[in-house]
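Descriptive analysis of the structure
So you can see what is in the structure, the chains are spelled out below.
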Amino acid sequence: MRFHSPQKLKTIADLIGSKFVGPEDFEVLGSNEIHMVKPGDIVFVNHPKYYDKALNSAATIILIDKEVDCPEGKALLVSDDPFRDFNKINTHFTRIYNFTEELHDAEIGDGTKIHPSAVIGNNVKIGKNCLIFPNVVIGDRTVIGDNVIIQSGTVLGGDAFYYRKLNGNFDRLISVGNVVIEDHVEIGNNCTIDRGVTDSTVIGEGSVLDNLIQIGHDTVIGKKCLIASQVGIAGCCIIEDEVTIWGQVGIASGLTIEKGTVLLAKAGVNKDLKKGTYIGLFAEDFKSYLKKEVKLRNLK
């Protein structure tokens, strides 16, 4: 998430009531999760296991729960609860409406047809010649390109599934990102595409999604992908162009699937995959799987 205008380190420290390490006028441009950070971003870290990863990331402001040596050219915000204060920063710069207020500020292109039962949030942009079916929900800040079809019951821009355990309860990391649907995408019935926590969940140009598909926060689906029903893709994945995913495939978080890959039905993906065809609970190469099956059947 990029702020509407650059901020100063002291301004952010005052906002969350934290100590800071670095010049008062150190420039802060936005906030982001560790896998998406750019120079000028704030990233949060609240466990020593991940200190080095955060401190050595592209982020130049580290919101951290302990004062440590600050890398050259970077700054620290030292907080007793970085998770809480990351939420505070994000919601200060991005207002959360959750359909409690209607600004009626959607931008809708020529030729687009939207059924009256569809619900559209604030700061939404919809391109030309789109078709939005009954009971579709389009959350705040969603961006939809031209010639897009979204069928009934689909929800774009629900909250990310991102929690921590706090005092015996689950505490949510508030989602201030959005969903971006590029041109010529078709999305079936009852799909759910979560918005990014601080960035965008993206469905690439020309991709087609069947019914009953879940796509997690900050995942990027490439161009001309084909995804069959009941697929579940966790957050922060990169599915490159022209990937085919058949029914009931499950993909764990933070993985990359290379361009042109085919995942056969019910495959379980728990690691990055190079281009190929995969099957099975742990997504193994299809030809290797067949050879193994032949050997097993020939055992006496």
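Quick caveat: nothing in here was measured; it's all calculated off a predicted structure. (Residues numbered from 1 in each chain as written. Predicted model: local features only at pLDDT ≥ 70, side-chain atom pairs only at ≥ 80, totals over all residues. Heavy atoms only, no water.)

1. Some details on the sheet that holds strand S7 (residues 107–108)
Each strand in a sheet pairs with its neighbour through backbone hydrogen bonds, running either in the same direction (parallel) or in the opposite one (antiparallel). Within the open sheet, the eight strands sit side by side as S7-S10-S13-S18-S21-S24-S27-S30. Their pairing is parallel. Looking at strand neighbours, the two that pair on one side only are S7 and strand S30 (256–257), the edges of this open sheet. Two elements, S7 and strand S10 (residues 125–126), share two bridges in a ladder whose sense is parallel. Each bridged residue has a counterpart across the sheet, and for isoleucine 108 the counterpart in S10 is isoleucine 126. (Pairing = 2+ DSSP bridges. Helix = DSSP H or I, 4+ residues; strand = E, 2+ residues; numbered from the N terminus.)

2. What about the environment of valine 28?
Locating valine 28 in the fold gives a position in strand S3 (residues 27–31). Of the residues examined, valine 28 reaches a relative accessible area of 1% and is grouped as buried. Placed 63 residues apart in sequence, valine 28 and threonine 91 show a C-alpha to C-alpha distance of 16 Å. In this view, valine 28 contacts Phe3, Pro6, Gln7, Lys8, Leu9, Ile12, Gly40, Ile42 and Ile61; residues no more than four positions away in its chain are not counted. (Buried < 20%, exposed > 50% of the residue type's maximum accessible area, 1.4 Å probe, protein only. Contact = heavy atoms within 4.5 Å.)

3. Quick notes on helix H3 (residues 82–93)
Between its first and last C-alpha, H3 extends 17 Å over 12 residues, near the 16 Å set by a 1.5 Å rise per residue. Buried residues of H3: Pro82, Phe83, Asp85, Phe86, Asn87, Ile89, Asn90 and Phe93, and no others. (Expected span 1.5 Å × (residues − 1).)

4. Looking at the sheet that holds strand S4 (residues 41–45)
With respect to topology, six strands assemble into an open sheet ordered S1-S3-S4-S5-S6-S2, the strand pairing being mixed. The strands lining the two open edges of the sheet, one partner per strand, are strand S1 (2–8) and strand S2 (19–21). Sheet twist, expressed as the average angle between the axes of neighbouring strands with direction ignored, equals 30°. Helix H1 (residues 9–16) contacts S1, S2, S3, S4, strand S5 (61–64) and strand S6 (75–78) of the sheet and is inclined by roughly 100° relative to S1. Across the sheet, H3 touches S1, S3, S4 and S5, and the angle it forms with S4 is around 150°. (Axes fitted to C-alpha atoms, helices over the stretch in contact; angles between N-to-C directions.)

5. Brief notes about the nonpolar core
Among the nonpolar cores identified, the biggest contains 40 residues, and Ile144, Ile181, Ile193, Ile233, Ile239, Ile245 and Ile251 are the most heavily contacted of them. Ignoring sequence-local partners within four residues, the contact set of isoleucine 233 consists of Gln214, Ile215, Gly216, Thr219, Ile221, Ile227, Ile239, Ile245 and Ile251. In terms of nonpolar packing, the next biggest core, distinct from the first, is built from 22 residues, Met1, Ile16, Leu63 and Ile89 among them. (Core = buried A, V, L, I, M, F, W, Y, C linked by side-chain atoms within 4.5 Å.)

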